[in-house]
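# Overview (structure and organization)
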Amino acid sequence: MHELKYQPVVKKVFYKPYGVINLSYDLGKKAINEALKLGASYADVRIGEIFDENLTVRRGVPEEVSLLYSRGMGIRVIVRGAWGFAGSIDLKSEGIAETAQKAVSVALASSKLKKKNIKLAAIAKSRKDEYSTPMKKDPFEVPLEDKVDVLLSAERTLAEQSPLIKSSSTFFRAFRENKLFMSNEGTEITQQITFCGGGLLCVAVRNSEVQRRSYPCSFRGNYSTAGYEFFESLALVEHAKETGLEAVRLLDAVKCPSGKTDLIITGEQLELQIHESCGHPTELDRALGMEADYAGTSFLTPDKLGKLVYGSENVNMVADATAPGGLGTFGYDDEGIPAKQVFLVKEGLFMGYQTSRETAGDLGLGKSSGGMRADSPLAIPLVRMTNINLLPGDWKREEIIEDTRHGFLMDTNRSWSIDDKRLNFQFGAEIGWEIKNGSKERMVKNPTYTGMTPQFWSSCDAISKDDWKMWGTPNCGKGVPAQVMYVGHGCGTARFGKTRIGVLQ
Amino acid sequence: MSVEELRGISQKALKSALKENVDQAQVAAFLFDSARTRFANSQIHQNVVSKKGGVAIKVAIGKRIGFMRADVLEAEQIENAVGQAIKIARVNPEDKYFKSFPEPERWQSLQDAFDDDTANCSPDYRAERVKEAIEVSHSESPLVKAVAGSILSSSYSLAVTNSLGMSAWTKMSLASMNVTVISEKTGSEGFGYAEQSSRHIKDIDPVKLAAQASEKSVKSINPAKISLGEYEVVLSPIAASSFFVFLSLIGFSAAPYQRGESFVKYHLNEQVFDEKLSVKDDAGDPRTVFKLAVDGEGVTKKRVPLIDKGVVSEESICHDTSTASREDRQSTGHALPHGLIRMTRPIPFPINVIVHHGTASVDEMIEETGHGIFVTRFHYTNPVVPTKAVLTGLTRDGTFLIKNGELTKPIKNMRYTDTMLSALKRISMMGKELEAIRLGTVTVPAMKLEKLRFTGATEY
Ligand SMILES: [Zn+2]
């Protein structure tokens, strides 16, 4: 097992693109005081703004060049032992008082239907700090024309590969959140989180046979909490040719056969497997039934903590908000808890949850894992994945392939589905290959595999270290009303024995 | 803030854009006031209100387009946003397909779209309804362990202006409640679910929802495992709604259609579904809950025949102005209303889907089933092969075996993986009653399918 440890990076640089608001301590104090005056025993406030630049080039034209800007505040209170929350775009002084009053009146309504008082896990000490995503080149400072140029040129190369390519798209996204967190416990944190990235997608069509291929992964590419240098490192133009050609080759590939086999999964697919089968079920709010109406509950119930065999001894998974470049990397969560690394699965055993102060308190865990985030200042924080990483094993990717007598390799996610306790899953990949006597042989199309979470991870007999990297998933949905969060997954390639593949007939 | 004030905001922003020598400009201003009381473990655990609003600004300089959405409603901030949209347009390469922003049309505000009681609903009113749902659920059976769900009260207003003379506005109220009941007996859990949406908060009936969900929950304790394969299925309206949402996502939206990934493209004018299946998107139909007269670009929402007696065609595709211009067509009024519906990538999308009803009751469907499965709800549906309309998903919250015309026993949740081109090709019976599902964006009856292919099962 290779543990990964990093020093958290704190860099006090705040970039100021269009419309930047004053992350005002005065406004925050006013909100908290108002809530306390109205009877709150706990109050925190988040004031923030988000810049979200999305560029899409398709068929030679900029199909989407848009900037989204949002700002506002959210006040969260405990009154008579129950939660209330109000969010608003209104940052004027009178507006803040009104928002605080709404939060309190909502909490009073909650308190009529409570079974016990909310108890938050204690914090070690109140903190005053700043954090900013380290970066070399601010993606919002790079001229728009330059970014669009890269996309136009990569898209041209993709499209050029064959007349069978009917649609080719290239993507760029830069995201920035400036935020302030304050609580009546004295915590004051300002943060600037920036991420960017991009990718390629092309669709090849012959008659009614349609295949797609993405680079570097699906969901419009890969993203990292980093500057423009990360987007540059993706080298979209250089990868466009191979991506286009593979989509066309897939049209001639054979159907993925059905059966039970050794299955090698690369990071581009494994990240989503980790997300769905380890990330979500280890969220303690789910395990405690708090998401029962929508996303569901979890097979990892508290009675199984420290007891259940989740996977083979090779399997070590952590929630790590400190991983450099991870899409879920930050300085503090939205309850002001410093970023940390916690084990979820250690040598195959289910060892820990991702938690909030409330859920950690409920379970008597003593302290929060620092997993609370909201997708906007107007929304309540929920237990969200940070970076859920599968720690590297001892293998090289090529060694895993060479060691496989017969099996299949699947690459890049195309479809996903898992039950509401996170047991039965089914995934589809964009592309697959049959492995025979240690080498990649024929290509297969529409590859799928299915299994049950603990059995599947228990069959994991090889994990690579040489191709371990961070993958960003910017579209994790949770909560009612729905929130979309950006989370990360570090992993390489892994092999699973006797896995059912080829679900399609 | 009233819809009149939003109109003022959009007109003012339009004026300031036009001062800057742009050829065309369009401004949509919106406000979404919502309150959601959420409960789990038979108590309120999340109780939130939010006031969200902003402007979406689009300008054209020749064929160069700039777009900015800013969730702000203060004058100075809106001015900034206008400036930013213009800055984007100045450096953006030409969109050769761009023709024009939409021309003004005659439009009519929709009757009965707004209910003050819903818009002004108090936190206490919502808490009372939650209390009823929890109490009724527990009173149904001592086996009921936990009640979860949420109740929503909200109002939405939108005003759109453009330099071609368009000035359209619309507002509606929206209420919704869903109840999940978990029961337990000697370590085995049972689940049940019910939901309701309406523009009128007073129509929401927690007692009925709780009774339905808890009955299912208790009945589904101790589920049996059955073998995989093809079964006849009776789908509740909630279960059936999943198919139509995903067919819209992968088929009826112009976005996948133009990428070449829509199954519709490969089956134009073919009888791909049962002839009993007719589905339209129609904001003007009195049965649809989402009563918005115009879309996010101010275009009047057109009636679109998504499936006409089992046949799909080019007329099935939902467009906004941008996708329409790529095919020399007109927008069908399917640009999403800003700030109301959360989609990771906004694409033209039907939100007033109505499936044509039949004549059968659910009881009759069950009576006519020899060996089949009753499905309450599907979970985590997703496309597997979109061009072949292959979907997968799991049953949830009450799945039962039907034998010789009767619900016999609960079964463990099953995963289906099947193409809708086969599953919806043979619909043996259509329900006579429509229900508004998913905040009322899909209005659909129960239905009985001759077969659905189940490829996996889970442990509960
Ligand atoms: Zn997720």
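Residues numbered from 1 in each chain as written. Chains lettered and ligands numbered in written order. Predicted model: local features only at pLDDT ≥ 70, side-chain atom pairs only at ≥ 80, totals over all residues. Heavy atoms only, no water.

### Here's the deal with the sheet that holds strand β11 (residues 317-320) of chain A
Residue and element names in this part refer to chain A. The following threshold applies: Pairing between two strands requires that DSSP report at least two bridges joining them. Only DSSP runs of H or I with at least four residues qualify as helices, and only runs of E with at least two residues qualify as strands; both kinds are numbered from the N terminus onward. Should any heavy atoms of two residues lie within 4.5 Å, those residues are considered in contact. For every element, the axis is a line fit to its C-alpha atoms; helices are fit only across the contacting stretch, and the angle between N-to-C directions ranges from 0 to 180 degrees.
Read across the sheet, 4 strands follow the order β13-β12-β11-β16 without closing on themselves; strand pairing throughout is antiparallel. Of all strands in the sheet, those bounded by a partner on one side alone are β13 (349-350) and β16 (388-390). Taken strand by strand, helix α6 (residues 267-279) contacts β11, β12 (341-346) and β16, and its axis lies near 115° from that of β16.

### A few points about the domain arrangement of chain B
Residue and element names in this part refer to chain B. Formally: In this document the domain limits rely on a domain assignment from an automatic tool or a database. For salt bridges, the criterion is a side-chain nitrogen of Lys or Arg within 4 Å of an Asp or Glu carboxyl oxygen.
If you check the domain split of chain B, you get domain 1 (3-219) and domain 2 (229-457). Of note, the centres of domain 1 and domain 2, computed from C-alpha atoms alone, are 22 Å apart. Counting from both sides, the interface comprises 44 residues of domain 1 and, opposite them, 37 residues of domain 2. Taken together, the connections running from domain 1 to domain 2 amount to 3 salt bridges. Residue lysine 302 pairs with glutamate 105 through a salt bridge whose shortest N-O separation is 2.9 Å. Listed by contribution, the elements that provide at least two residues to the side of domain 1 that touches domain 2 are β1 (24-40), β2 (43-61), β4 (144-162), β5 (167-185), β6 (188-198) and α5 (206-219).

### Describing the packing of aromatic side chains
Residues and elements named next belong to chain A. Condition: Only rings of Phe, Tyr and Trp enter the pairing, Trp through its six-membered ring, and a pair is recorded when the two centres are within 6.5 Å. The plane angle decides the type: under 30 degrees is stacked, over 60 is edge-to-face, the rest tilted. Classification of residues uses two cut-offs on accessible area relative to the type maximum, computed with a 1.4 Å probe and protein chains only: under 20% is buried, over 50% is exposed, and between them is partly exposed.
Across all of its chains, the model carries 31 aromatic pairs over all chains by this definition. Aromatic pair phenylalanine 195 and tyrosine 223: ring centres 6.2 Å apart, planes at 80°, arrangement edge-to-face. Of this pair, phenylalanine 195 sits in strand β6 (residues 188-206) while tyrosine 223 sits in strand β8 (residues 222-224); the two residues are 28 residues apart in sequence, bridging distant segments of the chain. Like tyrosine 223, phenylalanine 195 is buried. Arranged with centres 5.1 Å apart and planes meeting at 80°, the rings of phenylalanine 350 and tyrosine 353 form a pair that is edge-to-face. Taken individually, phenylalanine 350 and tyrosine 353 each receive the classification buried, so the pair is uniform in this respect.

### Overview of a negative patch on the surface
Residues and elements named next belong to chain B. Definition in use: What goes into a patch is any residue over 30% in relative accessible area without a salt bridge, connected to like charges within 9 Å or, for nonpolar side chains (Val, Leu, Ile, Met, Phe, Trp, Tyr), within 5 Å. All accessible-area figures derive from a Shrake-Rupley calculation using a 1.4 Å probe, and residue coverage is judged against the displayed protein chains alone. We count Lys and Arg on the positive side and Asp and Glu on the negative side, and we leave His and both chain ends out. The atom standing in for a charge is NZ when the residue is Lys, CZ when it is Arg, CG when it is Asp and CD when it is Glu.
Together, Asp363, Glu364, Glu367, Glu368 and Glu406 line one region of the surface with negative charge. The dominant element in the negative patch, judged by the number of residues it contributes, is helix α9 (residues 362-367), at 3 residues. The topology assignment puts glutamate 406 in strand β15 (residues 406-410). Taking the relative accessible area as the measure of exposure, glutamate 406 reaches 53% and is therefore exposed.

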